[in-house]
Amino acid sequence: MPILNRAAELQDEVTSWRRQIHKHPELLFDVVKTAAFVADKLREFGCDEVVPGIGRTGVVGIIRGHRPGNRTIGLRADMDALPLNETTGKPWSSTVAGKMHACGHDGHTAMLLGAAKYLAETRNFAGSVAVIFQPAEEGGGGGNLMVQDGMMERFGIAEVYGLHNLPGLPAGEFAIRKGPIMASTDEFSITVTGRGGHAAQPHRTVDPIAIATQMISSLQLIASRNADPLQSIVVSVTKFNAGFASNIIPDAATFGGTVRTLKPEMRDLAEKRLREIAAGLAAAHLAEAEVRYVRNYPVTVNHAAETAHAIEAATAIAGLDKVDPETDPMMGGEDFSYMLNARPGAFIFLGNGESANLHNPNYDFNDEIIPHGISYWVKLAENRLA
Ligand code: NI
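S.K.: What is the right way to read the pattern of salt bridges from this model?
M.R.: Side chains that differ in charge, positive against negative, can pair when their charged atoms come close. Counted under the stated rule, the structure contains 25 salt bridges. The shortest N-O distance in the salt bridge between R275 and E271 comes to 3.0 Å. Here R275 and its partner E271 are both found in helix α8 (residues 264-284), 4 residues apart, which amounts to about one turn of the helix. With relative accessibility at 34%, the residue R275 sits in the partly exposed group. Ionic contacts of the salt-bridge type, sharing partners, join the residues R18, R19, K90, D106, D364 and D367 into one network.

What follows is the structure, encoded as structure tokens:
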């Protein structure tokens, strides 16, 4: 079965919603206009319930099938944009300076609205579909907040599914894998405090810059010497701040960055070794190190049975040769991970074709893939609530 005819018919309308959302990007939890747009559309489609304000600005719509059933499955999209100045020059470019939809969440939201419209028209299933629109995917943990607000219990959601477009994957093709598919995204900063002084008399100082640079190179040994070579750890130092004059050794140096892993054990190992390296090298060089380590999004782990269901739906839409069921995981993060920790489910990639990369000011969502996304959601919902 290829793309659903009705999904193809909806393409122009859904494209206009996508571009409307694209013109008015909002950040993190401040997706007030986007959430209102979503809630209005869901009411217009005749959803049985439309509940805003979950996870601050998240929206959930409930669509009940024509046939009796107690099961509810959740389909999730994200609504927030990024703090970038758009450079695409498209007619539907961002109208807000410093904000743009550079991750395609405008497309995710529009496609799930398209699926909601279809499902509310047809209702050819037993049980209920919960369409979930979350705020603050890009760093605010909006998905986590929706889970903490009791969304899964309140709507009786048994399974939950997510989708993200992927530049570089041919348009309309799907890629997924069971197990870890996206990384945990921890952040750290380390302040090394020594004793400042004259740059010409280093023996009378404890030089925090010399010590901090040793720490930075030693942190690379976590991935190369502490972790099993078959496991993945990325430690990237992305910031370094110290000093103010060429003839003064400063008192302190601060650096920081991110740690990415694909397994909880590796995450624990990376944090433990990072703390040990900082404390050990500081002690060895008579300085002090203060470590701040924040665990952000957990690893996004696809459940085996639900991954098989996602593959089945994607294959029905795109064909066997257009679905990669064993794609490599990525070291980027996703806060759909919190929903997958709360309920079984799966996260799939939908090819955006050859386009600028995600989080690039020249990126744009590919409207040609809208029918594929809608068809996938509909097929998945109807299969799971057959
Ligand atoms: Ni994204």
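Next, the rest of the story.
S.K.: I keep staring at helix α11 (residues 370-384) and nothing clicks. Help me out?
M.R.: In this model, α11 (15 residues) spans 21 Å end to end at C-alpha, consistent with the 21 Å of a helix rising 1.5 Å per residue. With 13 of its 15 residues buried, α11 lies for the most part within the structure.

S.K.: Mind showing me how you'd approach the nonpolar core here?
M.R.: Nonpolar side chains in soluble globular proteins tend to end up buried together. Of all hydrophobic cores here, the largest spans 77 residues; its most connected members are L42, L75, F133, M151 and Y376. Of the residues forming this core, the biggest block, 9 residues, is contributed by helix α4 (residues 105-122). Apart from the residues within four sequence positions on either side, L42 is in contact with C47, V50, V59, G61, L113, A116, V131 and F133. If you look at the next biggest cluster of nonpolar residues, it comprises 24 residues, including I211, A227, I233 and I277.

S.K.: What should I look at first to understand the domain arrangement of the chain in this one?
M.R.: One frequently used descriptor of interface size is the decrease in accessible area upon assembly of the parts. Under the domain assignment, the chain is made up of domain 1 (5-182 + 300-384) and domain 2 (184-294). A separation of 38 Å is found between the C-alpha centroids of domain 1 and domain 2. Between domain 1 and domain 2 lies a buried interface of about 530 Å² when both sides are counted; carbon and sulfur atoms form 74% of it. Here domain 1 and domain 2 share 0 salt bridges between them. Seen at the junction of domain 1 and domain 2, the total is 1 residue pair in polar contact (both at pLDDT 80 or more). For the side of domain 1 that touches domain 2, a count of residues per class yields 5 nonpolar, 2 polar and no charged.

Rules behind the numbers
- Residues numbered from 1 in each chain as written.
- Predicted model: local features only at pLDDT ≥ 70, side-chain atom pairs only at ≥ 80, totals over all residues.
- Heavy atoms only, no water.
- Salt bridge = Lys/Arg side-chain N within 4 Å of Asp/Glu carboxyl O.
- Helix = DSSP H or I, 4+ residues; strand = E, 2+ residues; numbered from the N terminus.
- Buried < 20%, exposed > 50% of the residue type's maximum accessible area, 1.4 Å probe, protein only.
- Expected span 1.5 Å × (residues − 1).
- Core = buried A, V, L, I, M, F, W, Y, C linked by side-chain atoms within 4.5 Å.
- Contact = heavy atoms within 4.5 Å.
- Domains from an automatic or database assignment.
- Buried area = accessible area lost by both parts, 1.4 Å probe.
- Polar contact = N/O pair within 3.5 Å; in protein donor to acceptor, adjacent residues only side chain to side chain.
- Nonpolar A, V, L, I, M, F, W, Y, C, P; charged D, E, K, R; others polar.

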